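The chain contents come next:
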Amino acid sequence: MNLTRQTTGDWPVLRSAQELDCDGRHPNTDDPCVLGYHQGLHKDTSGTVWLDDGDLACPDWLTG
């Protein structure tokens with residue numbers, strides 16, 4: 001009985017989060033974030049920084 005498994009494929013390619021597009025967009029200008037996938041502060045190509053709290057960070061029922 002062979003308990004080891006031989007694979008013929010290559011190792012999976014790992015990518016950093018900065019290589020994945022961020023879906024954050026500036027609420028006033030609709031410019032996309034250029035920092036890569038992350039949470040917290042976002043930044044566009046002009047250098048404008050904003051915090052995208054979103055509905056999940058502060059739901060309506062929490063603020064009353």
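Bear in mind the structure is a predicted one, so any value in this text is a computation, not a measurement.

Asker: I would appreciate a short explanation of the overall build of the chain in the present structure.
Answerer: Looking only at helices and strands, one finds 2 helices and 2 strands in the chain. When contacts within the chain are restricted to residue pairs at least 6 apart in sequence, long-range pairs at least 24 apart make up 8% of them. Accessible surface for the chain amounts to roughly 6,000 Å². Of this, 52% is attributable to carbon and sulfur atoms.

Asker: Would you take a moment to explain the environment of glycine 40 for this structure?
Answerer: On the secondary structure map, glycine 40 appears in the segment before β1 (41–43). The partly exposed category is assigned to glycine 40, whose relative accessible area is 28%. Here the alpha-carbon distance between glycine 40 and tryptophan 50, two residues 10 residues apart in the chain, equals 8.6 Å. When near neighbours in sequence (up to four residues on either side) are disregarded, glycine 40 contacts Trp50, Leu51 and Asp52.

Asker: Just to check I follow, could you spell out a nonpolar patch on the surface for this structure?
Answerer: Among the surface-exposed residues, Leu41, Val49 and Leu51 lie close enough to one another that they form a single nonpolar patch of about 290 Å² accessible area. Examined against the element boundaries, leucine 51 turns out to sit in strand β2 (residues 49–51).

Asker: Is there a simple way to think about the environment of aspartate 23 in this case?
Answerer: Examined against the element boundaries, aspartate 23 turns out to sit in the segment before β1. Judged by relative accessible area, which is 67%, aspartate 23 ranks as exposed. C-alpha of aspartate 23 to C-alpha of valine 34: the two residues are 11 residues apart in sequence and 9.4 Å apart in space.

Conventions adopted
Residues numbered from 1 in each chain as written. Predicted model: local features only at pLDDT ≥ 70, side-chain atom pairs only at ≥ 80, totals over all residues. Heavy atoms only, no water. Helix = DSSP H or I, 4+ residues; strand = E, 2+ residues; numbered from the N terminus. Contact = heavy atoms within 4.5 Å. Areas by Shrake-Rupley, 256 points an atom, 1.4 Å probe, with all protein chains shown as cover. Buried < 20%, exposed > 50% of the residue type's maximum accessible area, 1.4 Å probe, protein only. Patch = residues over 30% accessible without salt bridge, like charges linked within 9 Å, V, L, I, M, F, W, Y side chains within 5 Å. Salt bridge = Lys/Arg side-chain N within 4 Å of Asp/Glu carboxyl O.

Shape is all these values report; function is a separate question.
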